[in-house]
Amino acid sequence: MDQDRSAEVVREALRELRLLKQQVAGQRAPAAVVGVSVRLPGGLTTLDATWDRLASGEPVWGPPPASRRDDGVPDAVAGWLDDVAGVDLDRLGLPADAARLTDPQGRLLLEGAATVLAQAGVAEGEGRCAVVVGHDQTGWEARTLRGGHLGHPHASLGSFGGALATRIAHRFDLRGPALTVDASCAGGLSAAHLALGLLRARQCDLALVGAASVLVDPVLHAHYAALGLLDDQLRPLASDGAGYVRAEGCVVLLLQRLDDAVAQGRPVLGVLEGSAVAGPGRTVALGAPSARQHAEVAAAALQDAGVDVDAVGALEVHGIGSAVADALELQGLGEAYGARGAPLPVGATKGVLGHTEAASGLVGLVAALLMVSRGRALPTPVPERPLDVLGTHWTLRRDALLAPEARVAVHAYGMTGQAAHAVVAPAPASAPRGDWDPLPWARTRCWPEEGAPPSREDPEGLLRGWLAEILGDGRALAADVPLAWQGVDSIALTALQARMTRELGVDRARFDAARAWDLRGLAALVRAEEEAAEAGAVVPLVAAGLVAGLALLVASWLGLLGA
């Protein structure tokens, strides 16, 4: 009996030991990149084009292109996307009225999400897929509200940073965690770190990671210029660097635990082995980074990846283009990588693309993926006057072969003080090569218009057109049948109510029975209120309101009977 009990204790201890080993392995489990989408300035939409441009070292920035002049963008030197006003309404499932007021960040991210899910063969609603999105302010909400869209529901929902992740989850029926990370320029790389943690904790089986940057508000741009942050050139790691060039862009990645990706035969571009994030603690000012913070977050990422400093063959730094900030970054990272046997090749893609702000950390991650997948280091533009700290622990990256198993590390930080670091490894030799090209898009221009007030000559036609924009599905609505009976839901009716109140001055208090109203009755109410306002008469207005209200009560009553 004692022997049986002893054997059972040993078996239980072995089971617990195996479980503990699995948990430890899970905490260090790497993530495969099984989908990637890029839209970067200079018309870069493929990995091959991105590699070629980065390898050339030629900057993409300049004045706004002609295709963007009607978007109300800052008249400044920047890295521009060719088109952020165009939307594929059918593929993205956006009503035109919603698309018009949705922050272009959200629309770009929807495109990227559709692309990476298609690349990996993931169907809508398939499995547990997390969505983690990096976010930074664009000024879109202030712009839309200044543009006369007060009271429009999409002016809020379309502008909330928190809706960036949930909009993607809603569109593609993704049922894992949906998080938006507001960490300014460290947002994208911080999102990748959180996604890796969710995969390791098995709170999801796939994780969609993205971030985007758009330049849509001249006021915000002028503010950054007044702060002395901007320059017409971006010279990373230069002793005379005086500021950065802003840039637009969007990167979306799809991550999966490496073991699962290999077992399912999915193509793998590269592997996210480890990462870390850290705030600055108490520094000289709120948001100011420190050399200690840079050192600690890099060391933590290397430990998380389970590799030493000699395993890293190249480093993609933040490289903001400020001599002081770049020197501080290299000083701190030098403490983490100083034990290397040779100087580490270092560079920053911002010298070609500009600073894509919230997306910049993921742009750096894409550069790292390109380097490990091609087995070469991307050259970095050589400044005329390099920082003095170069040469101690660093050498500028040149076009050179990487060792077969060499990793590439990525560093990012933001003006809120957050810093992030990640370690990228090559894909397993057995993993198939993927097709990382974008999907074809049929884009329609959807942009908030600021112009003449609507025509009131044909209110029924005007309201019909507004409903068509809100619904976005081209349905033909009968004029004398209650809208609710025709499948017009409460959200669409709320949007119509707000627009009638805002643009036609219709009293919002008259919409209590809106679910049963038809287009003809709404048009009659518009005419009655307009005539009453022009005549300055109160009695006719009240009479018209009573008549319309009685008609609507009858229609509502009939609707209840029909239900």
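The coordinates are above.
Residues numbered from 1 in each chain as written. Predicted model: local features only at pLDDT ≥ 70, side-chain atom pairs only at ≥ 80, totals over all residues. Heavy atoms only, no water.

A. Local environment of the overall build of the protein. Helix and strand content of the protein: 19 helices and 15 strands. Burial statistics for the protein: of 563 residues in total, 53% are counted as buried. A total of about 23,800 Å² of accessible surface is found on the protein, and carbon and sulfur atoms cover 55% of it. (Helix = DSSP H or I, 4+ residues; strand = E, 2+ residues; numbered from the N terminus. Buried < 20%, exposed > 50% of the residue type's maximum accessible area, 1.4 Å probe, protein only. Areas by Shrake-Rupley, 256 points an atom, 1.4 Å probe, with all protein chains shown as cover.)

B. Region of the structure containing the nonpolar core. Of all hydrophobic cores here, the largest spans 56 residues; its most connected members are Leu-253, Leu-255, Leu-365 and Met-371. With 10 residues, the single largest contributor to this core is helix 15 (residues 360-374). Setting aside anything within four residues of it in sequence, one finds Met-371 in contact with Trp-51, Ala-314, Arg-376, Ala-377, Leu-378, Arg-397, Leu-402 and Val-408. With 47 residues, the next largest nonpolar core counts Leu-81, Ala-96, Leu-109 and Cys-250 among its residues. (Core = buried A, V, L, I, M, F, W, Y, C linked by side-chain atoms within 4.5 Å. Contact = heavy atoms within 4.5 Å.)

C. Representation of the side chain of Asp-136. You can see Asp-136 is positioned in the loop between strand 3 (129-135) and helix 6 (140-146). At 6.9 Å, Arg-246 is the nearest oppositely charged side chain to Asp-136, a buried residue that forms no salt bridge. Those residues in contact with Asp-136, other than ones at most four positions away along the chain, are Gln-105, Asp-182, Ser-184, Cys-185, Glu-357 and Ala-358. (Lys, Arg positive; Asp, Glu negative; His and termini not counted. Salt bridge = Lys/Arg side-chain N within 4 Å of Asp/Glu carboxyl O.)

D. Main features of the packing of aromatic side chains. Counted under the stated rule, the structure contains 2 aromatic pairs. With a centroid separation of 5.1 Å and 65 degrees between ring planes, the pair formed by Trp-140 and Trp-447 is classed as edge-to-face. In this pair, Trp-140 is assigned in helix 6 and Trp-447 in the loop between strand 15 (444-445) and helix 16 (459-471), connecting sequence segments 307 residues apart. Each of the two residues, Trp-140 as well as Trp-447, counts as buried. Across from the ring centre of Trp-441, 4.9 Å away, lies the NZ or CZ of Arg-91, which sits over that ring. (Phe/Tyr/Trp six-rings, centres within 6.5 Å; stacked < 30°, edge-to-face > 60°. Lys NZ or Arg CZ within 6 Å of the ring centre and 35° of its normal.)

E. Here's a closer look at the pattern of salt bridges. Using the criterion set out here, one finds 21 salt bridges in the structure. Glu-111 serves as the salt-bridge partner of Arg-443, at 2.9 Å between the closest nitrogen and oxygen. Of the two residues, Arg-443 sits in the loop between strand 14 (419-425) and strand 15 while Glu-111 sits in helix 5 (residues 104-120), which places them 332 residues apart along the sequence. Owing to a relative accessible area of 33%, Arg-443 belongs among the partly exposed residues under this scheme. On the accessibility criterion, Glu-111 (4% relative accessible area) is buried. The salt bridge partner of Arg-257 is Asp-205, with a shortest N-O separation of 2.9 Å. Of this pair, Arg-257 sits in strand 6 (residues 249-257) while Asp-205 sits in the loop between helix 9 (187-200) and strand 5 (206-213); the two residues are 52 residues apart in sequence, bridging distant segments of the chain. Through salt bridges that share partners, Arg-68, Asp-71, Glu-248 and Arg-445 make up one connected network.

F. Structural view of unusual backbone geometry. Phi is positive for Ser-184, close to 50 degrees, though the residue is something other than glycine. Position of Ser-184 among the secondary structure elements: in the loop between strand 4 (178-182) and helix 9. With relative accessibility at 2%, the residue Ser-184 sits in the buried group. Here the phi dihedral of Leu-237 falls at roughly 65 degrees; this positive angle occurs in a residue that is not glycine. Structurally, the position occupied by Leu-237 is in the loop between helix 10 (218-226) and strand 6. Overall, Leu-237 belongs to the buried group, its relative accessible area being 2%.

G. Geometry of the sheet that holds strand 11 (residues 394-396). An order of 4-3-5-6-1-7-14-13-8-9-11 is seen for the 11 strands of this open sheet, with the pairing classed as mixed. Across the chains shown, the open sheet's two edge strands, defined by having one partner strand only, are strand 4 and strand 11. The average undirected angle you get between the axes of adjacent strands in this sheet is 30 degrees. With 2 bridges connecting them, strand 8 (residues 312-316) and strand 9 (residues 344-347) associate as parallel partners. Bridge pairing links Leu-315 to Val-346 in strand 9. The strands touched by helix 9 within the sheet are strand 1 (31-39), strand 3, strand 4, strand 5, strand 6, strand 7 (270-278), strand 13 (407-413) and strand 14, with strand 7 carrying the most contacts at an inclination of about 110 degrees. (Pairing = 2+ DSSP bridges. Axes fitted to C-alpha atoms, helices over the stretch in contact; angles between N-to-C directions.)

H. Quick look at the pairing of strand 13. Where burial is concerned, most of strand 13 is hidden: 7 out of the 7 residues are buried. Neither face of strand 13 is left uncovered, since the one carrying Arg-407, Ala-409, His-411 and Tyr-413 and the one carrying Val-408, Val-410 and Ala-412 both have all their residues buried. One ladder, built from 4 bridges, connects strand 8 with strand 13; its direction is parallel. Directly across from Leu-315, in strand 13, lies its bridge partner Ala-409. Here 6 bridges tie strand 13 to strand 14, and the two strands are oriented antiparallel to one another. What sits directly across from Tyr-413, in strand 14, is Ala-419. The hairpin turn running from strand 13 into strand 14, its antiparallel successor, is 5 residues long, and Gly-417 in that turn takes a positive phi close to 110 degrees.

I. The arrangement of the packing of helix 12 (residues 291-305) against helix 13 (residues 323-337) in detail. Relative to each other, helix 12 and helix 13 sit at 40 degrees, their axes nearing to 7 Å. It follows that helix 12 is oblique to helix 13 by the angle criterion. For the pair helix 12 and helix 13, the sense of crossing is right-handed. Contacts between helix 12 and helix 13 involve Ala-291, His-294, Ala-295, Ala-298, Ala-299 and Leu-302 from the former and Leu-328, Glu-329, Gln-331, Gly-332, Leu-333, Glu-335, Ala-336 and Tyr-337 from the latter. (Parallel < 35°, antiparallel > 145°, perpendicular 65-115°, else oblique. Left-handed = near helix turned anticlockwise from the far one by under 90°.)

J. Seen up close, the side chain of Glu-329. Note that Glu-329 resides in helix 13. Summary of buried charges: Glu-329 has no salt-bridge partner, and the nearest side chain of opposite charge, Lys-350, is 7.3 Å away. A polar contact is formed between the side chain of Glu-329 and the backbone nitrogen of His-318, at a distance of 2.7 Å. The residues touching Glu-329, leaving out its near neighbours within four places in the chain, are His-294, Val-317, His-318, Gly-319, His-411 and Tyr-413. (Polar contact = N/O pair within 3.5 Å; in protein donor to acceptor, adjacent residues only side chain to side chain.)

K. Spatial organisation of the pairing of strand 3. Taken across its 7 residues, strand 3 has 7 buried, putting it largely inside the fold. The alternating pattern of strand 3 places Cys-129, Val-131, Val-133 and His-135 and Ala-130, Val-132 and Gly-134 on opposite faces, both of which are buried. By the bridge criterion, 6 bridges tie strand 3 to strand 5 in an arrangement that is parallel. Directly across from Gly-134, in strand 5, lies its bridge partner Ala-211. Of the strand pairs in this sheet, strand 3 and strand 4 are connected by 5 bridges, and their pairing is parallel. Residue pairing across strands places Val-133 opposite Thr-180, the latter belonging to strand 4.

All quantities given are derived from atomic positions and should not be read as evidence of function.
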